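# Observations on chain architecture
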Amino acid sequence: MKTYAYFPGCSLEKMAYSYHQSAIETTRALGVELKELEDWNCCGATAYFHVDELLAFTLCARNIAMAEKEQLDLVAPCSGCYKNAYFAREALLHDPDLAEHINEALAEDNLQFAGTSKIHHLIEIFAFDIGPDAIKAKVTNPLKGLRVAPYYGCQILRPRKGKEDVERPRFFEDIVAATGATPVEYLLRLRCCGGALIITNRMAALSMVRNLLECAVRARADLIVTACPLCQVNLECYQKQVNREFGTELNVPVIYFTQLLGLALGIPPKRLGIGSELVAVMPAIEQALRTEPAPAAT
Amino acid sequence: MSAVTSAQPPKEVDAGVSFVEEINHLLYAAKGNPINTCIQCGTCSATCPVASAGYMDNSPRRLIAMIRAGFKEQVLKANTFWYCASCYQCTVRCPRGIDIAELMYGLKRYTVWRSEYQEGLIGPSFSETFVKMIVRTGRSYEPVLATSYLFTYGLPEIIQEAQTATALMLKGRLPLLPARIKRLDNFRRMIRKIIPLGEPE
Ligand code: SF4
Ligand code: SF4
């Protein structure tokens, strides 16, 4: 069984607890273990980088150093935490003076950054480590007929890490297809949900959320799946406010990709945290779940 | 010298250092090309979801033109960087390889250090509240954060926010108590190694 150090991040403690539950359930079902860092701290979100970059890197380095102590690669389910940890590691690796300075601070907590643990987003574990074929082989409830819009958002893809194609990714569609659902093609799948603007410029963020949701709904999506707690909150919890401000009648469920996977793997909705959404999910998925469970493919 | 900027305000620059050089220094840590290489093609503005929806007073392309023309006052008072969502769409598409999103971060820090930003913005006080909270507990906590922006809202918005918060509360999605990390003493000592400014409270 492959094991990763798991850094849930602040949102998954409460606001996105269903993401945490479903991440644990689905990785376990697919033979991967997520071992939670024993005393992780907030990665600084975007706000910390607005004020002080050095301190922001230090916060990230502390989490990375704890993973190194366990000799495990680090996995983050939140796109913001992932991006911060990934690029903090890059910065420390490429700037020995910076690493030395930060290591002096980490010594206060008996930690040390060496750069031995790699950083992954949770979706990468499913997309590249486990892979769509292995997922498909474990599917017991193919979600036939369900039209699902995969929403990538920003920070899984951007900024670029190397020379990879950030304009035409397919890995999220492949995961959706592995569940038996139909991945919906829509234009704004890589477009920003507004992120923290939901607080710092509410109307700008609401208009971005509106565009995204309308685009997915026009493409006849029954449901949207995300891989980030901030995207989920913006797209789902603010739908009512979008309707109020723009006179729209949006009512599309937004769940985590791990919840979708869990349903296809036959895990009961409740254990995946389904039911904690503000836009009800069951009406959209009931029909797909009612279809005869197929025997697990070999 | 580390390439990364620290908490102290940048030293007063020599009269010989132009604003554009100052900004390029800010970006020393970023991997992208300096902004002098900008060809003003407008790709960044066209691809920016915030600028193209009409919420920025100066588009990213225009802001870069203003920096290069030395319009320091106007640049620091622009809302562009505080309304940047850090989506990195401009960065990955710029034909000259300029890290525009990182420029926006740099300008946020620059204006926070100098306390020189457009009045009425939520971004600066939100960021400061966030930072204080993490230094105190090691974790973030939504209800405290809300206090940094709700007072700027009008009544209709407050009511909508309250309704959203109530709905989340009923679903058990809002924390009632702030979380804190276990080794908080070590954590605070670690922070004081980075910001040598007495108690971080
Ligand atoms: S995309 Fe790059 S080169 Fe074009 S205007 Fe923007 S910063 Fe300049
Ligand atoms: S990173 Fe900021 S400036 Fe660039 S496209 Fe996104 S919101 Fe616009």
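Refer to the structure above for everything that follows.
Overview of the structure. (Residues numbered from 1 in each chain as written. Chains lettered and ligands numbered in written order. Predicted model: local features only at pLDDT ≥ 70, side-chain atom pairs only at ≥ 80, totals over all residues. Heavy atoms only, no water.)

### Some remarks on the overall build of chain B
Broken down by element type, chain B carries 10 helices and 0 strands. In chain B, which comprises 201 residues, the proportion classed as buried is 49%. A sequence separation of at least 24 residues applies to 61% of the contacts in chain B between residues at least 6 apart. (Helix = DSSP H or I, 4+ residues; strand = E, 2+ residues; numbered from the N terminus. Buried < 20%, exposed > 50% of the residue type's maximum accessible area, 1.4 Å probe, protein only. Contact = heavy atoms within 4.5 Å.)

### Details of the site of ligand 1
Residues and elements named next belong to chain B. Residues in close proximity to ligand 1 total 14 residues, the closest being Cys38, Cys41, Gly42, Cys44 and Cys94. Of all the secondary-structure elements, those providing two or more residues to the shell around ligand 1 are α2 (43-47) and α3 (60-68). Classifying every residue of the shell around ligand 1 by side-chain character gives 9 nonpolar, 3 polar and 2 charged. (Near = heavy atom within 4 Å. Nonpolar A, V, L, I, M, F, W, Y, C, P; charged D, E, K, R; others polar.)

### Description of the side chain of Glu68 of chain A
Among the structural elements, Glu68 of chain A can be located in helix α3 (residues 53-69). Ignoring any residue separated from it by four or fewer positions in sequence, one finds Glu68 of chain A in contact with Gln112, Phe113, Ala114, Gly115, Thr116 and Ser117 of chain A.

### Observations regarding the pairing of strand β1 (residues 2-6) of chain A
Residues and elements named next belong to chain A. As paired strands, β1 and strand β2 (residues 32-36) are joined by 5 bridges and run parallel to one another. If you follow Ala5 over to β2, its bridge partner there is Lys35. Handedness of the crossover joining β1 and β2 through helix α1 (residues 17-29) is recorded here as right-handed. Where β1 meets strand β3 (residues 74-76), 2 bridges bridge the pair, whose relative direction is parallel. Along β3, the bridge assignment pairs Ala5 with Leu74. (Pairing = 2+ DSSP bridges. Right-handed = clockwise from strand over helix to strand, strands pointing away.)

### Quick word on the packing of α1 of chain A against helix α13 (residues 257-264) of chain A
Residues and elements named next belong to chain A. Look at α1 against α13: their axes get within 8 Å of each other, and the N-to-C directions meet at 45 degrees. Comparing their axes, α13 and α1 come out oblique. In this structure, the crossing between α1 and α13 has a hand that is left-handed. Of α13, the residues touching α1 (which contributes Ser18, Tyr19, Ser22, Ala23 and Thr26) are Phe257, Thr258, Gln259, Leu261 and Gly262. (Axes fitted to C-alpha atoms, helices over the stretch in contact; angles between N-to-C directions. Parallel < 35°, antiparallel > 145°, perpendicular 65-115°, else oblique. Left-handed = near helix turned anticlockwise from the far one by under 90°.)

### Points about the packing of α3 of chain A against helix α5 (residues 96-106) of chain A
All names here are of chain A. For the pair α3 and α5, interaxial distance at closest approach is 10 Å and the crossing angle is 65 degrees. By the criterion of interaxial angle, the relationship of α3 to α5 is roughly perpendicular. Of the two possible hands of crossing, α3 and α5 adopt the one that is right-handed. Of the residues in α5, those in contact with Leu54, Phe57, Thr58, Ala61, Arg62 and Ala65 of α3 are Leu98, His101, Ile102, Ala105 and Leu106. By residue class, the composition of the contact of α3 with α5 is 8 nonpolar, 2 polar and 1 charged.

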